[in-house]
Amino acid sequence: MSHLMNTYARLPIAFTRGEGVWLWDEAGRRYLDALAGIAVNGLGHAHPRLVKAIADQAGQLIHTSNIYRVLRQEQLADRLCALSGMAQAFFCSSGAEANEAAIKLARLYGHQRGVEIPTIIVMEKAWHGRTIATLSATGSRKAQAGFEPLVAGFVRVPYNDLDAVRAVAEHHRNIVAVLLEPIQGEGGINVADVAYQQGLYALCRERGWLYMLDEVQSGIGRTGSWFAFEHAGVKPDVMALAKGLGSGVPIGACLANGAAADVFKPGNHGTTFGGGPLVCAAALATLDIMVDEGLLANAARQGARLKSALEAGLSGVAGVVEIRGQGLMLGIELDRPCGEIVKQALEQSLLVNVTSDNVVRLLPPLILEDAHTDEIVAILVPIIKRFLGA
Ligand SMILES: *Cc1c(COP(=O)(O)O)cnc(C)c1O
């Protein structure tokens, strides 16, 4: 422990084994995982088909290089483009890198059109990663503080406020793209209105800007559809994916469509590990299993069930501001900081998270069943009530 760099205030617990929605600690105690490694383990833990796909691929080929064709990578690109309606994919190893690719793509797109200082509109409370460029795009002063100078080329506006974007459009001649989480994750499970997404898309078309979505957390079935943008019916020009894509192996993707698909040329972007056979096999297996097990419909159904049970259990409780989200990406906003709830849930063998100081966040595996949903509610509602003194 003492030799780990001090980047996380970790809970004093280590898991040694998992199966489905369950994790076991060193002492053999069992926990219900309602966080799924922060929206990563959509298939739960140790899914046998995923384990086999990874083991088989490891026995065949783990890594070659992007200086050669990588067949699994080509298959995964085909698959993701078929699911999303996008045209091309670039693979990397994290969400931050997927957004880095999007940011670089937007800048190059701008330069190719004669924009000297290409500038991207980003949102308050946005979370795009911890590399210097994605940190600069992120809307958290807490995450940015101490790492100045930040990267230039971003203009920040309030989330869900189309007029604010229109105002920027009037005064800035260098805008080339908008970068949006259709549902903000780290920012507190804030859902962009459908009309806002459609208006933003229309504005992007009108101005020749790229409409770029960060679906690192909301993508890959989390909200009950493959991608959150489907709920608004407007397809992005660029989309970043990661978390749920590889079920725990590090893989990210930047997908592009239309004019954005023709921007990069050989030499513009790349990465050693990106899209290797092992991680692509894991992602392909993830997508197959999601289809075969009907996990999109399950995420939609269990998400609705969980949300309405939380609403019923917490209705009229003073201090509960709002319960919001879509599918299995849910947040319970309280009127005060509530980090304590994480520890209280842990004591009762339930894993949840608090984000943005006062939002209890639930991101359970997409394989959740009725009994698991009921158990989350049965544990969490009394904890929240007690916490609020209700
Ligand atoms: C987690 C997250 C990221 C960063 O992904 P990393 O894999 O941690 O780099 C970016 N955007 C969103 C929306 C995220 O939730």
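Keep in mind that this is a model prediction, so the values were computed, not measured.

Attention shifts here to empty space enclosed by the protein. Summed over the entire model, instances satisfying the criterion amount to two cavities of 30 Å³ or more. As a volume, the largest cavity reaches approximately 70 Å³. If you trace the largest cavity, you find 13 residues lining it, with Ala39, Gly42, Ile220, Gly244 and Leu366 closest to the centre. Volume-wise, the second largest cavity comes out at about 30 Å³. Lining the second largest cavity are His63, Thr64, Ser65, Asn66, Val70, Thr272, Phe273, Gly274, Gly275, Gly276 and Pro277.

This part is about the nonpolar core. Counting 89 residues, the largest nonpolar core has Leu80, Met123, Ile332 and Leu362 as the members making the most contacts within it. In terms of residue count, the dominant contributor to this core is helix H9 (residues 277-292) (nine residues). Excluding residues that lie within four positions of it along the chain, Leu80 makes contacts with Phe91, Ile220, Leu241, Leu245, Ala253, Leu255 and Leu287.

Before going further, it helps to examine the sheet that holds strand E17 (residues 359-362). Taken in spatial order, the four strands make up an open sheet running E13-E14-E17-E16, and their pairing is antiparallel. Whereas interior strands pair on both sides, the edge strands pair on one side only; in this sheet they are strand E13 (320-326) and strand E16 (353-355). Strand-to-strand, the axes of this sheet are offset by a mean angle of 25°, without reference to chain direction. By the bridge criterion, three bridges tie E16 to E17 in an arrangement that is antiparallel. Bridged to Asn353 within E17 is Arg361. Sitting on the sheet, helix H12 (residues 370-387) touches E13, strand E14 (329-334) and E17, and the angle it makes with E14 is about 20°.

Neither face of strand E2 (residues 22-25) is open: one carries Trp22 and Trp24, the other Leu23 and Asp25, and all of them are buried. Pairing between strand E1 (residues 15-19) and E2: four bridges, direction antiparallel. Within E2, the position partnered with Gly18 by the bridge is Leu23. The antiparallel hairpin formed by E1 and E2 contains two residues in its connecting segment, where Gly20 sits at a positive phi of about 60°. Two elements, E2 and strand E3 (residues 30-33), share three bridges in a ladder whose sense is antiparallel. Each residue of the ladder has a partner; that of Trp24, found in E3, is Arg30.

The next subject is the layout of surface pockets. What the second largest pocket holds in volume is close to 520 Å³. Broken down by secondary-structure element, the contributors of at least two residues to the lining of the second largest pocket are helix H3 (71-84) and strand E4 (88-92). Top contributing element to the lining of the second largest pocket by residue count: H3, with five residues.

Reading the values: the criteria
- Residues numbered from 1 in each chain as written.
- Predicted model: local features only at pLDDT ≥ 70, side-chain atom pairs only at ≥ 80, totals over all residues.
- Heavy atoms only, no water.
- 1 Å grid on protein atoms, 1.4 Å probe; cavity = no way out; pocket = protein on both sides within 12 Å on 5 of 7 lines; lining within 4 Å.
- Points joined across faces, edges and corners; volume = space filled by probe spheres on them.
- Core = buried A, V, L, I, M, F, W, Y, C linked by side-chain atoms within 4.5 Å.
- Buried < 20%, exposed > 50% of the residue type's maximum accessible area, 1.4 Å probe, protein only.
- Helix = DSSP H or I, 4+ residues; strand = E, 2+ residues; numbered from the N terminus.
- Contact = heavy atoms within 4.5 Å.
- Pairing = 2+ DSSP bridges.
- Axes fitted to C-alpha atoms, helices over the stretch in contact; angles between N-to-C directions.

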